[in-house]
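# A structural walkthrough
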Amino acid sequence: MLGICGGIAAYKSAELVRLLRKQDIEVRVVMTQAAMQFISPLTFQALSANPVSTNLLDTEEENAMGHINLARWADKIIIAPATANSMAKFSLGLADDLLSTLYLAATCPVYIAPAMNQAMWNKAITQEHIQRLETQGVHIIGPEEGEQACGETGGGRMSEPAKILAVLTRQVTPKFFKNINILITAGPTREALDPVRYISNRSSGKMGYALAEAALYAGANVTLVSGPVTITAPDKLNLVAVETAEQMYQAVISRIPEQHVFIAAAAVADYSPITASKEKIKKQQDKHRIELQKTKDILAEVALGADRPDFIVGFAAETENLEHYAKNKLKQKNLDMIAANWVGRTQGGFDSDENALEVFWDAGQKTLKMTDKKQLAVQLIALIAEKMNEKNTT
Ligand code: PMT
């Protein structure tokens, strides 16, 4: 059951319902009166394919499913966003609306994703309520630090739906990668032809950034070496912005000795122009030749180098023979794991919000089905943690 309180983050809950439904999890939504000021129950009815409950004292709603039955029906309750006011009610045992009554009647695990202004979050009384809820066995998810809807910056932003889903489905815990350094490459590179033109590719960085966020959530110290993209990186990671394949190579190689895990999700140019013209190339002949030379293979150099991190994951972007090429790369580049994706298709791959992965390692493989890249990243990070753990214990 998903409880929604009145806060601007309520719009993110629509995405949470979508992600839960994609995992075939049945969702019933309960909204407070304030929540309905931010987003319509109709949105949640359509997304959850179930009626939305909003009133405690409504005979029709009670006939459809009474509040005690609703509390018994749920095998998990997530309240996202949870306002300071609702959390205070839960903590004190007040039951003056449907959601607080359900909380009081619930016997299943309860998860709360707070969302509020940073000053409200930092108030001693809010922290007191949080502590009381935690001692009552409630799982608190987030909140995150960052820019807030009110324009202020600080703690109080609701965690992203993919993270909430990951906690709910126990795919990842904040302790998986505690004290582990992970370096991730993301996005495209740009290889200059002249001061205004370059060769590049369609990578948006979404896959690499989603992995960085999932690794961060799993407790890792994350360094993200990123080509030019338009995504904002979370504050907590160490972002190194680069443009060319050579710059990405230098940025990675110089930081590799202190890394435990390396994940190469970037679409690095395989070739770069031998010379870039200092001036803008003029339109003259009908044909124009550009001579290219191979770039350094960052992934292979890291995996075959003296400072090889404990666990290395490559990506393979293929338009044909996915398994064959991916397995070749796994072997030739001396990797622990390779995540292969189809590219150039209508769904998934470059610049899409969704993706699917065929993941191969020495002794096995796993299919991660088409889903949102943030959710997929959480699954891949969990798989990396599992296989890394196996490697370290054998
Ligand atoms: O960024 P998005 O829009 O979200 O798209 C995601 C993605 C499709 C870019 C991503 O999922 C992906 O497949 N990334 C790898 C793309 C790629 O360049 O694949 P490849 O098969 O050509 O390269 C194999 C591996 O070698 C990759 O891990 C790549 O990062 C690495 N490589 C390649 C060349 C090079 N010079 N150095 C490298 O490290």
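For clarity, every value in this text was computed on a predicted model and none was experimentally measured. (Residues numbered from 1 in each chain as written. Predicted model: local features only at pLDDT ≥ 70, side-chain atom pairs only at ≥ 80, totals over all residues. Heavy atoms only, no water.)

## Overview of the site of the ligand
Around the ligand, 29 residues are found, and the nearest of them are Ser204, Ala266, Lys329, Asn341 and Asp351. In the model, an oxygen atom of the ligand is placed 3.0 Å from a nitrogen or oxygen of the Lys333 side chain. Here an oxygen atom of the ligand sits 2.7 Å away from a polar atom, N or O, in the side chain of Lys373. Contact with the protein chains covers 95% of the free accessible surface of the ligand, which is 770 Å². Top contributing element to the shell around the ligand by residue count: strand S16 (residues 311–318), with 4 residues. The residue makeup of the shell around the ligand, split by class, is 13 nonpolar, 8 polar and 8 charged. (Near = heavy atom within 4 Å. Polar contact = N/O pair within 3.5 Å; in protein donor to acceptor, adjacent residues only side chain to side chain. Areas by Shrake-Rupley, 256 points an atom, 1.4 Å probe, with all protein chains shown as cover. Helix = DSSP H or I, 4+ residues; strand = E, 2+ residues; numbered from the N terminus. Nonpolar A, V, L, I, M, F, W, Y, C, P; charged D, E, K, R; others polar.)

## Digging into the domain arrangement of the protein chain
Parsing the protein chain into structural domains produces domain 1 (2–168) and domain 2 (181–393). Every contact between the two is made by 15 residues of domain 1 and, on the other side, 12 residues of domain 2. Summing both sides of the interface, domain 1 and domain 2 together bury roughly 1,000 Å²; the carbon and sulfur share of this comes to 53%. Contact with domain 2 buries area across many residues of domain 1, yet Lys22, Ala162 and Lys163 alone supply 37% of it, more than any other trio. Taken together, the connections running from domain 1 to domain 2 amount to 3 salt bridges. Between Glu160 and Lys374 there is a salt bridge, with the nearest N and O atoms lying 3.8 Å from each other. Those elements that provide at least two residues to the side of domain 1 that touches domain 2 are helix H1 (10–22), strand S6 (144–147) and helix H10 (161–168). The element best represented in the side of domain 1 that touches domain 2 is H10, accounting for 5 residues. Across the side of domain 1 that touches domain 2, the residue classes tally to 6 nonpolar, 2 polar and 7 charged. (Domains from an automatic or database assignment. Contact = heavy atoms within 4.5 Å. Buried area = accessible area lost by both parts, 1.4 Å probe. Salt bridge = Lys/Arg side-chain N within 4 Å of Asp/Glu carboxyl O.)

## Some remarks on the pattern of salt bridges
Throughout the structure, instances matching the rule amount to 19 salt bridges. Among the ionic pairs, Glu246 bridges to Lys296, the shortest N-O distance being 3.0 Å. Taken as a pair, Glu246 in helix H12 (residues 245–255) and Lys296 in the loop between strand S15 (292–294) and helix H13 (298–304) lie far apart in primary sequence, 50 residues in all. Residue classification places Glu246 among the partly exposed positions, given a relative accessible area of 37%. Taking the shortest distance from any N to any O, the salt bridge between Glu318 and Lys329 comes out at 2.6 Å. Separated by 11 residues along the polypeptide, Glu318 in strand S16 and Lys329 in helix H14 (residues 322–332) bring together distant segments of the chain. Each of Lys12, Glu160 and Lys374 takes part in one network of salt bridges that share partners. (Buried < 20%, exposed > 50% of the residue type's maximum accessible area, 1.4 Å probe, protein only.)

## Some remarks on the pairing of strand S19 (residues 364–372)
Bridge analysis of strand S18 (residues 354–361) against S19 gives 7 bridges, and the strand direction is antiparallel. Pairing of Glu358 across the sheet is with Thr367, part of S19. Turn length for the S18-S19 hairpin, with the two strands adjacent in sequence and antiparallel, is 2 residues. (Pairing = 2+ DSSP bridges.)

## Details of the sheet that holds strand S13 (residues 261–264)
The 8 strands are arranged S12-S11-S8-S13-S16-S17-S18-S19 in an open sheet whose pairing can be described as mixed. Edge strands, defined here as strands with exactly one partner in the open sheet, are strand S12 (238–241) and S19. Across the sheet, the axes of successive neighbouring strands diverge by a mean angle of 15°, strand direction being ignored. On the sheet, H14 packs against S16, strand S17 (337–342), S18 and S19 and is oriented at approximately 150° with respect to S17. Strands S13, S16, S17, S18 and S19 of the sheet are contacted by helix H15 (residues 373–393), whose axis makes an angle of about 160° with S19. (Axes fitted to C-alpha atoms, helices over the stretch in contact; angles between N-to-C directions.)

## What to know about a nonpolar patch on the surface
Together, Ile199, Tyr271, Ile290 and Leu292 make up a nonpolar patch on the protein surface, roughly 330 Å² of accessible area in all. Among the secondary structure elements, Leu292 is positioned in strand S15. Of the residues examined, Leu292 reaches a relative accessible area of 39% and is grouped as partly exposed. (Patch = residues over 30% accessible without salt bridge, like charges linked within 9 Å, V, L, I, M, F, W, Y side chains within 5 Å.)

## Re H14
Listed in full, the buried residues belonging to H14 are Leu322, Ala326 and Leu330. Buried residues of H14, seen end-on, are gathered within an arc of 60° and therefore sit on one face of the element. Relative to its buried face, H14 has exposed residues pointing more than 90 degrees away, namely Lys331 and Gln332. Where H14 is buried, its residues contact S16, S17 and S18. The first or second residue beyond H14 is Asn334, which carries a positive phi of 60°. (Arc of directions from axis to C-beta.)

## Some remarks on the packing of H1 against helix H3 (residues 41–48)
Interaxial distance between H1 and H3 falls to 9 Å at its minimum, and their mutual angle equals 10°. With respect to H3, the axis of H1 lies roughly parallel. Contact with H1, carried on its side by Ala10, Ser13, Ala14, Val17 and Arg21, involves Thr43, Phe44, Leu47 and Ser48 of H3 and no other residues of that element. Tallied by class, the residues present in the contact of H1 with H3 amount to 5 nonpolar, 3 polar and 1 charged. (Parallel < 35°, antiparallel > 145°, perpendicular 65-115°, else oblique.)

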